[in-house]
Amino acid sequence: MKYQRFVRRSQVREILLSADHTIFYASFIKKDGTIRRIKCRLKVKKHLKGGELGYSPKEKGLLSVYDVENMGYRMINLRTIDTFSVKGESYYVID
């Protein structure tokens, strides 16, 4: 994959939130050190079961998404994201 744009980590959340309901791809390092590649969407509410999180994902540098391949909610760690593609644009994250 050829990356068309370089973005600073501080810009990632804003760019991903602009995806709205569009499917996008991301690659990041999980808490256990493995790499996760995910195909996901934002603002999916169909499968919610109620309740609230006991923490603020934004404060922890996380973004809640719906994994369209595994049909479940996941958190993307924005502090370890390295690449993502949204709306036909591919991005490489630099610090």
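Draft legend 1. Expanded view of unusual backbone geometry. The phi dihedral of D20 is positive, around 55°, even though this residue is not glycine. Summarising the element assignment, D20 is placed in the loop between α1 (9-17) and β2 (24-29). Phi angles above zero are rare outside glycine, and M71 is one such case at about 50°.

Draft legend 2. Region of interest: the pairing of strand β3 (residues 35-41). Bridge count between β2 and β3: six bridges; the pairing is antiparallel. The residue of β3 that forms the bridge with Y25 is K39. Connecting β2 to the next strand, β3, in antiparallel fashion are five residues, including G33 with a positive phi near 95°.

What counts and what doesn't
Residues numbered from 1 in each chain as written. Predicted model: local features only at pLDDT ≥ 70, side-chain atom pairs only at ≥ 80, totals over all residues. Heavy atoms only, no water. Helix = DSSP H or I, 4+ residues; strand = E, 2+ residues; numbered from the N terminus. Pairing = 2+ DSSP bridges.

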